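Secondary and tertiary structure notes
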Amino acid sequence: MSRNATSRTVSASPAEEGEGQSRSIAAVERAMDVLLLFGRSGRPDLGVTEIATELGLTKAAVHRILTALRSRDLITVDTVTRRYALGHAAIALGRAYLARMDLRALAAPELRRLAQQLGETATLSIRRGDTRLYVDQVVPPHELRVEVSLGIPYPLHAGSSSKAILAFLDEAEVGALLGRHGLEALTDRTIVDEERLRKELATIRKRGYASSQGERQEGTASIAAPVFDHDGRVIAALSVAGPLTRFRPRLAECAPPLMEAAARVSGKLGHGGG
């Protein structure tokens, strides 16, 4: 007489299910931490040891995470150097974000308001690698006024918009940048002494805005305030600029509305201002 085997399905207990779910969530969070590290590091690629040190993870855990991210093209690896960088899928996500959050569109109302309120040219600059460039401006109706050239890269040590960005980078990044490029004089007023520049950057961080009197372009004066993204990184600067003789006496009085405008743009980007 044959005996049929009986199969039994053993269900996980609620406690076991909850524990497994917690482990899965923790794994996802660690993977996101690794991915976000690439976005905020400012370096083109990272090694396993760097990632492990930054995030307090073991190298084995980092290897597992990178393997999973590589399988989705979020991370790519250089097979020679064994260093990792953002992959095609991550770049696609970034482009989708930028398409939705157009910085020029967010800043445009503030530029119009500043130009109308202060009667001088209002500009938006963004950082591009070791340089910054103007991407938008609103000019006043004065016959004598300042107009900037859009899309041309300028060094990060000369002029108020450049210094407003440089001042809020971390010290290591500032040091590396200055080491790569030095301090070129664009006019006879450009700061070319590193010690003096660093003191100027400390003043900018303390008061919240930068000023320039002919440092990048002779005969002009300007003030600029930084714009921060949701991670608190400086990504741009709003500036107000005018002819030196007319605008120089007004620099201090124009700073508060400029900083308020920059803070509003930062807020639209998710920056909490803390």
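For the structure itself, consult the block above.
Residues numbered from 1 in each chain as written. Predicted model: local features only at pLDDT ≥ 70, side-chain atom pairs only at ≥ 80, totals over all residues. Heavy atoms only, no water.

1. Here we look at the pattern of salt bridges
Stated formally: Take a side-chain nitrogen of Lys or Arg and a carboxyl oxygen of Asp or Glu: if they are within 4 Å of each other, that pair is a salt bridge. Numbering of helices and strands runs from the N terminus; a helix is a DSSP stretch of H or I covering at least four residues, while a strand is a stretch of E covering at least two. Partly exposed describes any residue whose relative accessible area lies between the buried limit of under 20% and the exposed limit of over 50%, with all areas from a 1.4 Å probe on protein chains only and scaled to the type maximum.
Inspection of every chain in the model, using the stated rule, returns 18 salt bridges. Residue Glu-171 is joined to Arg-198 by a salt bridge in which the shortest nitrogen-to-oxygen separation is 2.9 Å. Pair noted here: Glu-171 is in helix α7 (residues 171-181) and Arg-198 is in helix α8 (residues 194-207), with a separation of 27 residues, a long-range link. On the basis of relative accessibility, which here comes to 46%, the residue Glu-171 falls in the partly exposed class. The salt bridge involving Asp-229 is made with Arg-233; its shortest N-O contact spans 2.8 Å.

2. A word on the packing of aromatic side chains
Basically, it comes down to this: What counts as a ring pair is set by centres within 6.5 Å for rings of Phe, Tyr and Trp (its six-membered ring), and what kind of pair is set by the plane angle: stacked under 30 degrees, edge-to-face over 60, tilted for all other angles. The criterion for a charge sitting over a ring is simple: Lys NZ or Arg CZ within 6 Å of the ring centre, and within 35 degrees of the ring normal.
The full count for this structure, using the stated rule, is 2 aromatic pairs. With a centroid separation of 5.9 Å and an interplanar angle of 70°, the aromatic rings of Tyr-134 and Tyr-154 are classed as edge-to-face. With Tyr-134 in strand β4 (residues 131-138) and Tyr-154 in strand β5 (residues 154-155), this residue pair connects regions lying 20 residues apart in the sequence. You'll find Tyr-134 and Tyr-154 in the same group, each marked buried. Measuring from ring centre to ring centre gives 5.4 Å for Phe-168 and Phe-228, while their planes differ by 85°; the resulting arrangement is edge-to-face. Here Phe-168 is found in the loop between α6 (160-166) and α7, whereas its partner Phe-228 is found in strand β7 (residues 220-228), with 60 residues between them in sequence. Sitting over the ring of Tyr-154, Arg-216 keeps its end group 4.4 Å from the ring centre.

3. A short note on the environment of Leu-150
Stated formally: Should any heavy atoms of two residues lie within 4.5 Å, those residues are counted as being in contact.
Along the polypeptide, Leu-150 turns up in the loop between β4 and β5. Spatially, the C-alpha atoms of Leu-150 and Val-135 are 5.3 Å apart, while their sequence positions differ by 15 residues. The residues touching Leu-150, leaving out its near neighbours within four places in the chain, are Tyr-134, Val-135, Asp-136 and Gln-137.

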